[in-house]
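A look at the structure
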Amino acid sequence: MATSTSQHALSSIKLLSTGCLHPDKRNCRVLSVSVGRRCPSARNLGLLCASNSQSSVIEPVQLPRSPKSGVTPKKSGESALILIRHGESLWNEKNLFTGCVDVPLTPKGVDEAIEAGKRICNIPVDVIYTSSLIRAQMTAMLAMMQHRRKKVPIILHNESEQAHMWSQIYSEETKKQSIPVITAWQLNERMYGELQGLNKQETADRFGKEQVHEWRRSYDIPPPNGESLEMCAERAVAYFKDQIIPKLVDGKHVMIAAHGNSLRSIIMHLDKLTSQEVISLELSTGIPMLYIFKEGKFIRRGSPAGPSEAGVYAYTKNLAQYRQKLDGIVQ
Ligand SMILES: O=C(O)[C@H](O)COP(=O)(O)O
């Protein structure tokens, strides 16, 4: 299976040269490999398409040295990075601008999170990052309930020394059977300013479709008193580089449950999209996306279609071995 997938991939290899807007990225290139069906509605990237399997090899990122261990990563090591936008929230359902308002999932959003969990149930997860908003946290927890490894996701409380002390675990064995969940406001949805709570359709009727599209999708034009995608990226991508990349470098498998725009800014960074390209990047609620981090490069692997999809396990030898191990434990 691995052989036929990679043969197919090689036969449909595409080299895209993109003119990035930032002077320091002028010559960046994205090597993109498309495998299988492309989703017509997901203009550039096919990320909306559940059964789409797409991969790209991105030029190496500038690797920080691991702050804790101070060691250089093993050259052969690779880690999985799963990104999930939260499931449908009560305000997604009502078509209201949500931003940093802390709204829970709908029953449909709960189902989406469970479905997302089924799709990643064979992929290793050592640490989970979520925003500080309940819709992302619910999504992470519900998804992990489906994981075959059955580790317990536990939110770390470091907001005060007392909160930290009072949530200690005193058994090494119990710790081994748990997954730390780190919450970070930096991964929150972009702050939508004075649009928060307004109906998206009514806002378009009032201010015009183009103006509202500009507020929602342009890179550097903020909505009234809110954050542009660029401003959101300043905190979300900085957090990703400072806190999450070191974990991947240390060989940890990471899941991030966050939001449409905080994840768009991270994907823009990973895939080196230009500010023009990111306009057409749309993320559906509850669809997991997989990247493999190897030798300083992020390799986009699209969205795992489900636990029985053979292609997922052809992604890397390590993932295939992890799954085999799970099969051994579960049977
Ligand atoms: O905050 C919101 O309203 C949504 O979660 C994302 O909205 P958008 O698609 O308008 O960016």
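Presented here is an overview of the structure given in this document.

Basis of the calculations
Residues numbered from 1 in each chain as written. Predicted model: local features only at pLDDT ≥ 70, side-chain atom pairs only at ≥ 80, totals over all residues. Heavy atoms only, no water. Helix = DSSP H or I, 4+ residues; strand = E, 2+ residues; numbered from the N terminus. Buried < 20%, exposed > 50% of the residue type's maximum accessible area, 1.4 Å probe, protein only. Contact = heavy atoms within 4.5 Å. Areas by Shrake-Rupley, 256 points an atom, 1.4 Å probe, with all protein chains shown as cover. Disulfide = S-S within 2.5 Å. Near = heavy atom within 4 Å. Polar contact = N/O pair within 3.5 Å; in protein donor to acceptor, adjacent residues only side chain to side chain. Core = buried A, V, L, I, M, F, W, Y, C linked by side-chain atoms within 4.5 Å. Salt bridge = Lys/Arg side-chain N within 4 Å of Asp/Glu carboxyl O.

1. Things to note about the overall build of the protein
- Looking only at helices and strands, one finds 12 helices and 10 strands in the protein.
- Burial statistics for the protein: of 331 residues in total, 48% are counted as buried.
- When contacts within the protein are restricted to residue pairs at least 6 apart in sequence, long-range pairs at least 24 apart make up 74% of them.
- About 16200 Å² of surface is accessible on the protein, with carbon and sulfur atoms providing 53% of the total.

2. Here we look at the state of the cysteines
- Evaluation of the coordinates by the stated rule reveals zero disulfides.
- C232 supplies the cysteine sulfur nearest to C100, a cysteine that is in no disulfide, at a spacing of 8.3 Å.

3. Topic: the site of the ligand
- All residues adjacent to the ligand are R85, L96, F97, T98, G99, E189, Y192, K200, R216, R217 and N261.
- Note that an oxygen atom of the ligand is positioned 3.5 Å from one of the side-chain N or O atoms of R85.
- Between the ligand and the protein, one listed contact pairs an oxygen atom with a side-chain N or O atom of R216 at 2.6 Å.
- Burial of the ligand by the protein chains amounts to 96% of its free accessible area of 320 Å².

4. Some thoughts on the nonpolar core
- L81, L83, F240, I256 and F298 are the most contacted members of the largest nonpolar core, which totals 32 residues.
- Elements supplying a minimum of two residues to this core: β4 (78–85), β5 (127–130), α9 (229–249), β8 (254–258), α10 (260–270) and β9 (288–294).
- With nine residues, α9 is the single largest residue contributor to this core.
- The residues contacting F240, other than those within four sequence positions of it, are L81, I245, L248, I256, I266, H269, L270 and F298.

5. Regarding the pattern of salt bridges
- By the definition in use, this model includes nine salt bridges.
- Two residues, D271 and R300, come together in a salt bridge whose shortest N-O distance is 2.7 Å. Residue D271 is located in the loop between α10 and β9, and its partner R300 is located in strand β10 (residues 297–300); the two are separated by 29 residues in the primary sequence.
- Connected through shared salt-bridge partners, R148, R323 and D327 make up one network.

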